[in-house]
Number of protein chains: 2
Amino acid sequence: MADRKIISKETEVSEAVYGLNETLFHNANGYIGVRGCLEEGVPEGFDTMRGMYINGFYDIIPMKQAENLCNFVEEKQTMLNVADTQTIYLYIGDEKFTMTEGTVLKHQRTLDMDAGITIREVIWRSPKGKEVSICIKRMTSFEQLSLFTMEYQVTSLNFDGKITWESYHISDVTNYSNANDPRLAAESEKYLESQVLSAESGKSLSVSWTVKSGLTMCAAVSHRVRGEVLVENTVQQEGTTVVYQVSVNVQKDQAVTLGKYTVFTDSVHSDNPPEDAKAQMQAAWDQGLDYFYQKQRAYLKHFWHHSEMEIIGDAGMNQAVSFNMYQLLQSAARNSNCNIAAKGLSGEGYEGHYFWDTEMFMIPFFTLTNPELAKMLLTYRYDSLDAARKNARLLGHQKGALYPWRTITGEECSGYFPSGTAQYHIDGDIAYALVQYCLTTGDYEFIKEKGGEIIIETARLWLDVGNYSDGRFVINDVTGPDEYTCMVNNNYYTNCCAKYNLNWAVTAYELLKEKNEIAPLVQKIGITEEEILQMKQAAAAMYLPYDEKQKINPQDDSFLSKPVWNLKETPADKFPLLLHFHPLHLYRYQVCKQADTVLAYFLFEDEQSPEVMKRSYEYYEKITTHDSSLSTCVFSIVASRLGMEEKAYEYFGDSAKLDLENTHNNTKDGIHTANMGGCYMAIVNGFAGLRINQDGAALAPFLPQAWEGYRFKFRYRGNLIQVIVADRQVTVRLEEGGSLEIAVYGEKYLLQPGEAVTLDVKSSDI
Amino acid sequence: MADRKIISKETEVSEAVYGLNETLFHNANGYIGVRGCLEEGVPEGFDTMRGMYINGFYDIIPMKQAENLCNFVEEKQTMLNVADTQTIYLYIGDEKFTMTEGTVLKHQRTLDMDAGITIREVIWRSPKGKEVSICIKRMTSFEQLSLFTMEYQVTSLNFDGKITWESYHISDVTNYSNANDPRLAAESEKYLESQVLSAESGKSLSVSWTVKSGLTMCAAVSHRVRGEVLVENTVQQEGTTVVYQVSVNVQKDQAVTLGKYTVFTDSVHSDNPPEDAKAQMQAAWDQGLDYFYQKQRAYLKHFWHHSEMEIIGDAGMNQAVSFNMYQLLQSAARNSNCNIAAKGLSGEGYEGHYFWDTEMFMIPFFTLTNPELAKMLLTYRYDSLDAARKNARLLGHQKGALYPWRTITGEECSGYFPSGTAQYHIDGDIAYALVQYCLTTGDYEFIKEKGGEIIIETARLWLDVGNYSDGRFVINDVTGPDEYTCMVNNNYYTNCCAKYNLNWAVTAYELLKEKNEIAPLVQKIGITEEEILQMKQAAAAMYLPYDEKQKINPQDDSFLSKPVWNLKETPADKFPLLLHFHPLHLYRYQVCKQADTVLAYFLFEDEQSPEVMKRSYEYYEKITTHDSSLSTCVFSIVASRLGMEEKAYEYFGDSAKLDLENTHNNTKDGIHTANMGGCYMAIVNGFAGLRINQDGAALAPFLPQAWEGYRFKFRYRGNLIQVIVADRQVTVRLEEGGSLEIAVYGEKYLLQPGEAVTLDVKSSDI
């Protein structure tokens, strides 16, 4: 397939474009994230979020409750902007390069997803007429996670003379604030104290520490010049800013280059951040940029080999799906201290918090293409199981674990519990992702070591939350995924989740017992046969609301008794509704922010007949605003399942380019990482109909009319499988692995490595 | 009957007793409130809430929301401690009088509810052996609302010599804060700036102003000494504290007295607070203390004449009911700028906010004994109708008015809406109090000028909040009085309120139309015949939940499907539950903080048969913690209605002495004013069974077994009626007025002034 590249021609000086591209062209590797800010800074008065982040590096800040009831959350973690080492000024003679003076003849950014770098290209004519071509490459290394590099090349186009770089290492940074938004401004406090440890010969090392969370991070910076150096010096300015100035001679058509290495280390991930920073900087410096470029390319080659996806003949869509997968790769933590934030490492929206987004929308991608990473993300939840137990106690539960709705460390950071902590379904979501991981990989060890404990502790919570009423197991006062209806009884989605969670807790228990390996868990968490029996009974008695009259599943017990919100007569400027209406008002209407019951139809499709699902789908479709970015991908998947192919494609289209086309108008705050995973699922689980359950893996692909074809790969139980849907045919090939049994359109096929089965595409119907 | 007095012998130096008595012996007159603090201050390290308040004088303070959703409340009003003029030090020679040095031979406080003063009496022996008798009288004048007086008398018991008073006028005060409670400490900011305008010869005048609310208040202080003055001077200390020092000669058995007058004026109630303060001080000074003591006694004679209540032969209970009525009188605003705070003017609990407490628990007392005051309290709601309309818009309602859950100015001050703003029943509560006022007084003018507009605007809100479902008018996502279950559908109490409100809006409209006086209202608020028809229909179709199985009224649609909280096994130290359990946990159980459905049975007794009410009563009784002070009085009233006489008396007992015996352990923060009104109702509406509705007034008294008898008076349509229940007989006498038709035990009697009807007491049954 063609090169995986995203190109943006920034023809005008625009605050909106700069803000958007800071996000779209950010560099990240799961550990470090660097916003794609202009090296020389934005024009004065432009809003910019100039940030560099470390996944899981946070401070604790107070979150005062307007009215503080018992066990309300009173402080939260917030991801910190840790330094600014991306600032470099360029002088052509004595003229400073900016986008607003002189003439910008070309300005273009490229994200090269095969090379793993971003490139900024400028051709600039100075006010005095000197012309230069500038090319700046940035990379966060997948090979050495602590490393961020910049390569700032300047080519003279029409003069011989001196150019000067002024390169900054700034420790005194704050999080983003917007003076126009008093809520943000109030939070723009300085959380980091810092100190320069050393600064000489283009090398500097700083240490910063948080007051409240007690964390430390170090930034090491080194420079390497290619060109004839005239003069250079390293100055520590007032405070903690180190500036490296270097002037070089340049001749017409000659290129000179400043290489800048940044290494971040921190006490979440290292026992000795300063020593580690020095050592890792030395290692990086010794290897040089070219080495890391090669490693980056190799890493991505391997990545694309396992996750390659192509929309045949649709270059734009191809770019979009590649972009989405690439962002998932950039965002995912590489160790179990951390996870994937709602905005990845691309910006400060949602404060670097981890939500259910990970399990429901992002882990599925990794489970199918990079199960080691999926396992690590699930291990993060295992490592925070104690915090989840503590959270359950705070909520009044004597047993079980309740995962926090939003968190970095595992402690709840949600300030408004009705649409935060009350979303108990996160327990079921985590259980679901865990089971899917195990079914897909066959990783029994994970169940034994970690997964069994998670799934039993979450199942215990459901026993404590729910109760029997008229012989049915009911769950009251929780909030489902749809935040426009909060604290309801018997949310269909939540009850499905709970049923699944309870059933799989029983299965995990029985599996471990069968293998004679249940003893450690019994010892650790005291699980009893009686509890297992209670789980079985509660799952069997679980109440899933069904309305006899309309023959659909109500979102909750009282949903259908509420008036339907008149979406047609709601003016366009009143969306998203949450910014324009008090939540209590929204709660009183049938109106959905996002897929809720419809999401349950994807995950738990056997609970209802296709006819019920279709009627419900059509019902909810009319009242869903998709104000959440997690919605359209789900509507697409379920449309695929129900044979509504056109609709499936339409919703997929809304999802696929959400960030690239900034359709939610807030991509500047960061990417919508969950939607990116949802887009992937809309193809693999939607169009191709992939399902993995106890019966094995099954496909039921169709081809959207607008496409020539599509193909993708996924991993299943050690095998690498390729699926090609094109020319009215489906080909499923076992590319690597042992042997594979897989169902296509309900028929099972056994494949050996290299073998394929090819069938005519069937149009799905319900 | 005997003197109305409360006496407290403070035999020991006790932080708890001082705190409690600061509340119990506070002085207030509806305008000024002064905590009963020790003049010389509490011993070091003792907690004290040293406060002087003006009803309705507030500042606006930020109330940051932990997570700020659309139209959340972001600032609130808070009642301010405005000055300290109650501090007076006494020196016997060079020995300073305190409770911890020397020997306290006697210490006693008295609240004299006929004289309208509090008296503190001390006999003290100084470390050097000098003995004095101290008697300090305090009064907030009912005659001149701006006036607070202290009369500090010292009698030498065994020496001739000098004594000195040091009397303070302190403007630099803050609200109460408690270093042990970080939530309170954070709020102990200084809201008032102040300045001394003049200070000479024992007279001083200060002005203080708030920054945010833009209010001003003035304090004028004057002193008058009875005794041989040796030396006196007035010093302005650093800052804004003025000290008046005076030494007098005293001989054995001689008494000397310092009179101290304080006048408060403020810009809520005056156009020129400084000039008004000067003028009112001059007037007070000219009249002298004895004049005001006489006026105070005359005012109270008039008050007791109309509201006298006696429990025959039970002095303790007599004290308690008198105390409760007296506190209601002290707490009620005397003009429509203000209202009655939850703690009256006795402390800073609930920040001086007005709640539904006024309409449901306090106005009934005034309606029956002092209808002019009741009218004024209702006029406050009329004056804040625009704010209530604005509040409704913020909550998404296109029409109608929604009164705030807690407020001073009429704007919502509730920071947690699920148990605040969501208590929409406040609209119905106000409508109910209004209708009761009109039925009791026959004040048609009030309906025409103010009441009609209130009742139609509140009725409009119900039309907008509710909707039809299966032909029934339902009301979703509101919170009833019971705050242990929030945001529910079809709260029985709320729906009853709404039905009543809608019906009476129709009645008011038709009455005005009949009298040809509807035009101004139609012009002002655009009420249409169609809306009136909608109101009639909604009321008729109002859904009042009823459970066929248990034949009771569920508190809301899903209440009975929840598990019953195990109150028996909840340890005593876990009450009140709200301090020990997260609200989300409480919401998931059948457990009530207070009367909810049971309150509806008192107010709307015709909606259900007595049998249903009795079954429900017994059901709710088992699951109600009475963690709210508004609960036991209601359980008492309804027990009376349902013939459960012993139970009625028992609950009444819990209510009557709640503050005097500090049974809720928080009286130090202020009195429970609503409970005091509830205690009154438990006798008048409970034991005596008084009901006033469109059919007129009706009584159905019984006599609690423990009592010899009881009697009380009430006003009805210009008449003053006395009810005596004693010696197995009920006597109803028309004491003043025209002629009266009144029903007793269902029979109607027509009485002329001076006439009485006497009947045998019937035991009530259902």
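Structure: see above.
Starting from 1, residues in each chain are numbered consecutively following that chain's sequence as written. Labels follow written order: the first chain is A, the first ligand is 1, and so on. Side-chain atom pairs in this predicted model are given and counted only at pLDDT of 80 or more, local residue features only at pLDDT of at least 70, and totals for whole chains, interfaces and linings cover all residues. Each side-chain value is derived from all of the structure's non-hydrogen atoms; neither hydrogens nor water enter the calculation.

Draft legend 1. Structural detail: the overall build of chain A. The helix and strand inventory of chain A stands at 19 helices and 29 strands. Expressed along its principal axes, the backbone C-alpha trace of chain A runs to roughly 85 × 60 × 60 Å. Throughout, exposure labels follow a simple rule: accessible area from a 1.4 Å probe, protein chains only, divided by the maximum for the residue type, with under 20% read as buried, over 50% as exposed, and the rest as partly exposed. When the 766 residues of chain A are sorted by exposure, 64% land in the buried category. Partitioning the intrachain contacts of chain A with sequence separation of at least 6 by distance along the chain shows that 67% fall at a separation of at least 24. About 26800 Å² of surface is accessible on chain A, with carbon and sulfur atoms providing 46% of the total. For chain A, the distance from the average position of its 70 positive side-chain charges to the average position of its 102 negative side-chain charges is 2 Å. In DSSP terms, a helix is any run of H or I states spanning at least four residues, a strand is any run of E spanning at least two, and both are numbered starting from the N terminus. Here a residue-residue contact requires only that any non-hydrogen atoms of the pair lie within 4.5 Å. Note on areas: these come from Shrake-Rupley sampling with a 1.4 Å probe, and a residue is covered only by the protein chains present in the view. Charge counting follows a simple rule: Lys and Arg are positive, Asp and Glu are negative, and His as well as the terminal groups are ignored. Here the site of a charge means atom NZ of a Lys, CZ of an Arg, CG of an Asp or CD of a Glu.

Draft legend 2. Representation of the state of the cysteines within the structure. Residue and element names in this part refer to chain A. Cysteine sulfur atoms are paired as a disulfide whenever they come within 2.5 Å of each other. What the rule picks out here adds up to zero disulfides over all chains. Distance from the sulfur of cysteine 135, which forms no disulfide, to the nearest cysteine sulfur (cysteine 37) is 18 Å. When its relative accessible area of 16% is taken as the criterion, cysteine 135 is described as buried. Of the cysteine sulfurs around cysteine 438, a residue in no disulfide, the closest is that of cysteine 497, at 17 Å.

Draft legend 3. Here's a closer look at the sheet that holds strand S23 (residues 696–699) of chain B. All names here are of chain B. The pairing criterion is simple: DSSP has to find at least two bridges between the two strands. Sheet architecture is open: four strands sit in the order S22-S23-S27-S28, paired in mixed fashion. If you trace the sheet from one side to the other, it starts and ends with strand S22 (691–693) and strand S28 (747–751), each paired once. With strand direction ignored, the average angle separating the axes of adjacent strands in the sheet is 30°. Strand direction decides the pairing type here: S23 and strand S27 (residues 740–744), joined by three bridges, are parallel. Only the stretch in contact is used when a helix axis is fitted, and all axes are lines through C-alpha atoms; the angle between N-to-C directions ranges over 0 to 180 degrees.

Draft legend 4. Here's a closer look at the environment of glutamate 121 of chain B. Residue and element names in this part refer to chain B. One can find glutamate 121 in strand S9 (residues 117–125). We classify glutamate 121 as partly exposed; its relative accessible area is 24%. In sequence terms glutamate 121 and glutamine 108 are 13 residues apart; their C-alpha atoms lie 5.2 Å from each other. If we ignore the near neighbours within four places in the chain, the residues touching glutamate 121 are Lys106, His107, Gln108, Thr110, Ile134 and Cys135.

Draft legend 5. Focus on helix H18 (residues 645–656) of chain A. Residue and element names in this part refer to chain A. Here H18 is 12 residues long and its end C-alpha atoms lie 16 Å apart, about the 16 Å a rise of 1.5 Å per residue gives. Glu645, Ala648, Tyr651, Phe652, Ser655 and Ala656 are the residues of H18 that are buried. For H18, the buried positions fall inside an angular range of 135° around the axis, keeping them on one side. Exposed positions of H18 whose direction lies more than 90 degrees from the buried face are Glu646 and Glu650. Packed against the buried residues of H18 are helix H5 (315–331), helix H16 (610–621), helix H17 (632–641) and helix H19 (673–687). Take the residue count of a helix, subtract one, and multiply by 1.5 Å to get its expected span. Regarding the arc, it is the one traced by the directions from the helix axis to the C-beta atoms.

Draft legend 6. Spotlight on the interface of chain A and chain B. Across the contact, 49 residues belong to chain A and 48 residues belong to chain B. Put simply, buried area is how much 1.4 Å-probe accessible surface two parts lose in total, over both of them, once they are put together. Buried area between chain A and chain B, summed over both chains or domains, comes out near 4300 Å², and the portion from carbon and sulfur atoms is 55%. The largest contributions to the chain A side of the interface with chain B come from Ala66, His582 and Arg588 of chain A, which together make up 16% of the buried area. Salt bridges are identified by distance alone: a Lys or Arg side-chain nitrogen within 4 Å of an Asp or Glu carboxyl oxygen. Among the ionic pairs, lysine 562 of chain B bridges to aspartate 477 of chain A, the shortest N-O distance being 2.8 Å. A total of four residues in the side of chain A that touches chain B trace back to one element, the largest contributor, which is helix H14 (residues 583–587) of chain A. Each residue is assigned to one of three groups, with Ala, Val, Leu, Ile, Met, Phe, Trp, Tyr, Cys and Pro labelled nonpolar, Asp, Glu, Lys and Arg labelled charged, and all others, Gly among them, labelled polar. Along the lines of polarity and charge, the residues of the side of chain A that touches chain B split into 22 nonpolar, 16 polar and 11 charged.

Draft legend 7. Spatial organisation of the sheet that holds strand S3 (residues 32–34) of chain B. All names here are of chain B. Here four strands make up an open sheet; going across it, the order is S2-S3-S4-S5 and the pairing antiparallel. Bordering the open sheet on either side are strand S2 (27–28) and strand S5 (75–81), each of which pairs with just one other strand. One ladder, built from six bridges, connects strand S4 (residues 52–62) with S5; its direction is antiparallel. Counterpart to isoleucine 60 in the pairing with S5 is glutamine 77.

Draft legend 8. Main features of the pattern of salt bridges. Throughout the structure, instances matching the rule amount to 96 salt bridges over all chains. Residue glutamate 517 of chain A is joined to lysine 448 of chain A by a salt bridge in which the shortest nitrogen-to-oxygen separation is 3.3 Å. Taken as a pair, glutamate 517 of chain A in the loop between helix H11 (492–514) and helix H12 (519–525) and lysine 448 of chain A in helix H10 (residues 444–465) lie far apart in primary sequence, 69 residues in all. Given a relative accessible area of 26%, glutamate 517 of chain A falls into the partly exposed group. The closest approach of N and O atoms between arginine 120 of chain B and glutamate 40 of chain B, which form a salt bridge, is 2.7 Å. One end of the pair, arginine 120 of chain B, is in strand S9; the other, glutamate 40 of chain B, is in the loop between S3 and S4, and 80 residues separate them in sequence.

Draft legend 9. Structural context of the relation of the copies chain A and chain B. Under the fitted operation, chain A is carried onto chain B by 0.1 Å of movement along the axis and a turn of 180°, and the coordinates agree to an RMSD of 0.0 Å. Taken together, the turn and the small shift mark the pair as related by a two-fold rotation axis. When C-alpha distances to the rotation axis are compared across chain A, the minimum falls at glutamine 65 of chain A, with a value of 2.9 Å. Both copies contact each other with a shared surface, as 98% of the interface residues of chain A are interface residues in chain B too. Superposing the copies works by least squares over the C-alpha atoms of residues that have pLDDT at least 70 in both of them.

Draft legend 10. Structural context of the pairing of strand S14 (residues 203–210) of chain A. Residue and element names in this part refer to chain A. The element S14 is largely enclosed, with a buried count of six among its eight residues. Inspection of the sheet shows strand S13 (residues 192–200) paired to S14 by eight bridges, in the antiparallel sense. Each bridged residue has a counterpart across the sheet, and for serine 194 the counterpart in S14 is serine 208. Hairpin connection from S13 to S14: two residues lie between these consecutive antiparallel strands, with serine 201 at a positive phi of about 50°. By the bridge criterion, seven bridges tie S14 to strand S15 (residues 216–226) in an arrangement that is antiparallel. The residue of S15 that forms the bridge with serine 208 is methionine 217. Taking the residues between adjacent antiparallel strands as the criterion, S14 and S15 are bridged by five residues, where glycine 214 takes a positive phi near 70°.

Just distances and angles here, no functional claims.
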